[in-house]
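Fold and contact review
Letter by letter, the chains look like this.
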Amino acid sequence: MRSHNLLATVDAIVKRPAAAARWPGIEDVRTADDLRKLPLMSPDALEDLCPPAVTDLALDSVDSGMVLRSSGTSGKRKVLYHSWEFDTRVTHLGARGVRAALTTAPRRVGNCLYPGELNGAFSFAQDLTRRLGAQTYPLGTSMRTEELLEVVREHRIDTLIGSPAMGADLLSDPANLASLASLRTYLYIGENLGAARAAVMAVAIPGLRVRSLSYSTSETGPIGYQCPFQGDGTHHVHDDAMYVEVVDPETGAEVADGEEGEVITTTLTDTGMPLVRFRIGDRAIRHTGGGCACGSHASRITLTGRVPRSLNVDGATISQDLVMAQLRGVGVADPVDCQFQVRRAPDRGFDVLLLLSDRLAVRPTGDEVLRRLREGYHLGRVFAMPGFRGFTLRCVPTTDFVRNTRGKTPFFVEL
Ligand SMILES: [Zn+2]
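Notes on the structure follow. No experiment lies behind these values; they were computed from the predicted model shown.

What counts, and at which threshold
- Residues numbered from 1 in each chain as written.
- Predicted model: local features only at pLDDT ≥ 70, side-chain atom pairs only at ≥ 80, totals over all residues.
- Heavy atoms only, no water.
- 1 Å grid on protein atoms, 1.4 Å probe; cavity = no way out; pocket = protein on both sides within 12 Å on 5 of 7 lines; lining within 4 Å.
- Points joined across faces, edges and corners; volume = space filled by probe spheres on them.
- Helix = DSSP H or I, 4+ residues; strand = E, 2+ residues; numbered from the N terminus.
- Nonpolar A, V, L, I, M, F, W, Y, C, P; charged D, E, K, R; others polar.
- Domains from an automatic or database assignment.
- Donors = N, O, S within 2.8 Å, 3.2 Å for Na, K, Ca; no water.
- Tetrahedral: all angles 85-135°; square planar, octahedral: opposite > 155°, others 65-115°.
- Buried < 20%, exposed > 50% of the residue type's maximum accessible area, 1.4 Å probe, protein only.
- Core = buried A, V, L, I, M, F, W, Y, C linked by side-chain atoms within 4.5 Å.
- Pairing = 2+ DSSP bridges.
- Axes fitted to C-alpha atoms, helices over the stretch in contact; angles between N-to-C directions.
- Phe/Tyr/Trp six-rings, centres within 6.5 Å; stacked < 30°, edge-to-face > 60°.
- Salt bridge = Lys/Arg side-chain N within 4 Å of Asp/Glu carboxyl O.

Taken as a whole, the second largest pocket encloses approximately 340 Å³ of empty space. If you trace the second largest pocket, you find 20 residues lining it, with Thr141, Ser163, Met166, Asp169 and Arg403 closest to the centre. Of all the secondary-structure elements, those providing two or more residues to the lining of the second largest pocket are helix H7 (145-155) and helix H8 (164-172). Tallying contributions element by element places H8 first for the lining of the second largest pocket, with three residues. Across the lining of the second largest pocket, the residue classes break down as seven nonpolar, nine polar and four charged. Two domains each provide a minimum of three residues to the lining of the second largest pocket, namely domain 1 (84-306) and domain 2 (310-414).

Right under this line is the structure:
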């Protein structure tokens, strides 16, 4: 099926010369091996090829379908024109994923995702709930907690769909738990759950099934789904609809089994806006050896984080990797436990606030951490700038980390 869908994708792109021109050599692609000869497509390249200014990549979705937008890396946004046919497929893949993840189907589903602002997650959850034959409660993200709890309690909602942060927030307050007695399942989407949030949720409601709703992006639709034998970041790939590679970011060569690399996706579709060898921005470990305990032969990957984001501080570009390389020296290994905030003052000076999860076993001092950061390659420059006013370290619950409107917790925040 994947081979068939790949050929259909290539044929559709070749028929539209403006799209084909973006991937020289695509006309010769007949197999997945041929695909690997094409260059990787960066998010920056997609930002320059976005509708409405440029519609070269839209096969048939210029005047109908759903328009989504995702934040760009260089300040620009990526806009996607998804056809209705593509959107229907997104729904089917989403529902298939939930069926695979849960042994018993959800019945009453509270949708706590962010609606609007050209974000597709909310309608994705609506549509797949309909496909599953369950009842949906479109709650959104702006409802007061008391009101949300009242709806859950009154209607005996058994499943909530939301961001990992929202789930951990809701369940970390013991006062909320009585109202959540009917809750059996929490389905998260948008980023990995992380060990700290998983622990909060497991303690709050023993036996609660906390599963990934879907590994999905605005650009591609669903890429992966979870089976009951997979935890947090691990997913099967929708192999028939998506060709996923995990490559060395430097060489573009496929990494070996068990090694980490960058996730490259090719949407196998002859409708909407196909993307060929697109750098989606995630890192993952590929598992090729052995099978999954569920018996499926679908490929498996474990998401390990985003491709390091960078932040420009008055001309110095620093990346997540640079910061983590220094923090490892004080016993902090997982970027999920950290948030690096640059707080601007009106006089254009800035403070740096580093938040660490209060669940970490280590408690380094501010002086110790600042000393490490100053020693870091490139990082040292930030703390030697004329604008640098001070450094603060705080250990707080990760629920206190700054989140964007879509519920994601970025590593770098500029305030
Ligand atoms: Zn499985």
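A few words on unusual backbone geometry. Residues proline 51 and proline 52 are joined by a peptide bond in cis, for which omega reads 0 degrees. With respect to the secondary-structure elements, proline 52 resides in the loop between helix H4 (43-47) and strand E1 (66-71). The backbone of leucine 118 sits at a positive phi, close to 60 degrees, despite the residue not being glycine. Position of leucine 118 among the secondary structure elements: in the loop between strand E3 (108-111) and helix H6 (121-131). Its identity is not glycine, yet arginine 277 carries a phi of approximately 50 degrees, on the positive side.

This part takes up the coordination of the zinc ion. On the protein side, the zinc ion has Cys227 (SG), His236 (NE2), Cys292 (SG) and Cys294 (SG) as donor atoms, found 2.1 to 2.3 Å from it. Here the zinc ion is ringed by four donor atoms whose angles at the metal span 104 to 113 degrees, and the overall shape comes out tetrahedral. Here the donor residues of the zinc ion are spaced in sequence according to C-x8-H-x55-C-x1-C. According to the relative accessible area criterion, cysteine 292 is buried, its value standing at 12%. Of the residues examined, cysteine 294 reaches a relative accessible area of 33% and is grouped as partly exposed.

Time to look at the nonpolar core. Residues Ile26, Met41, Leu46, Leu57 and Ile301 are the most contacted members of the largest nonpolar core, which totals 38 residues. Top element by residues in this core is strand E11 (residues 242-247). It accounts for four residues. Ranked by size, the runner-up nonpolar core spans 30 residues in total, among them Met324, Cys338, Val369 and Phe388.

Attention now moves to the sheet that holds strand E14 (residues 300-306). A sheet is described by the order of its strands in space; here seven strands give the open sequence E8-E9-E10-E14-E13-E12-E11, paired in antiparallel fashion. One side of each edge strand has no neighbouring strand; the edge strands of this open sheet are strand E8 (215-217) and E11. Strand after strand, the sheet turns through a mean of 45 degrees between neighbouring axes, direction not considered.

Applying the stated criterion across every chain, the model contains five aromatic pairs. Ring centres of phenylalanine 350 and phenylalanine 388 lie 6.0 Å apart, and the angle between their planes is 55 degrees; on these two criteria the pair is classed as tilted. With a gap of 38 residues between them, phenylalanine 350 in strand E18 (residues 350-357) and phenylalanine 388 in strand E19 (residues 388-396) connect regions that are remote in the sequence. Of the two residues examined, phenylalanine 350 and phenylalanine 388, each falls in the buried class. On the basis of an interplanar angle of 85 degrees and a centroid distance of 5.2 Å, the ring pair of phenylalanine 383 and phenylalanine 388 is categorised as edge-to-face. Classification of phenylalanine 383 by relative accessible area gives buried; the value is 4%. For phenylalanine 388, a relative accessible area of 15% gives the class buried. Among the aromatic residues, those joined into a cluster by ring pairs are Phe350, Phe383, Phe388 and Phe391.

In this structure the tally under the stated criterion is 15 salt bridges. Linking aspartate 33 and arginine 36 is a salt bridge whose minimum nitrogen-to-oxygen distance equals 2.8 Å. What makes arginine 36 partly exposed here is its relative accessible area of 37%.

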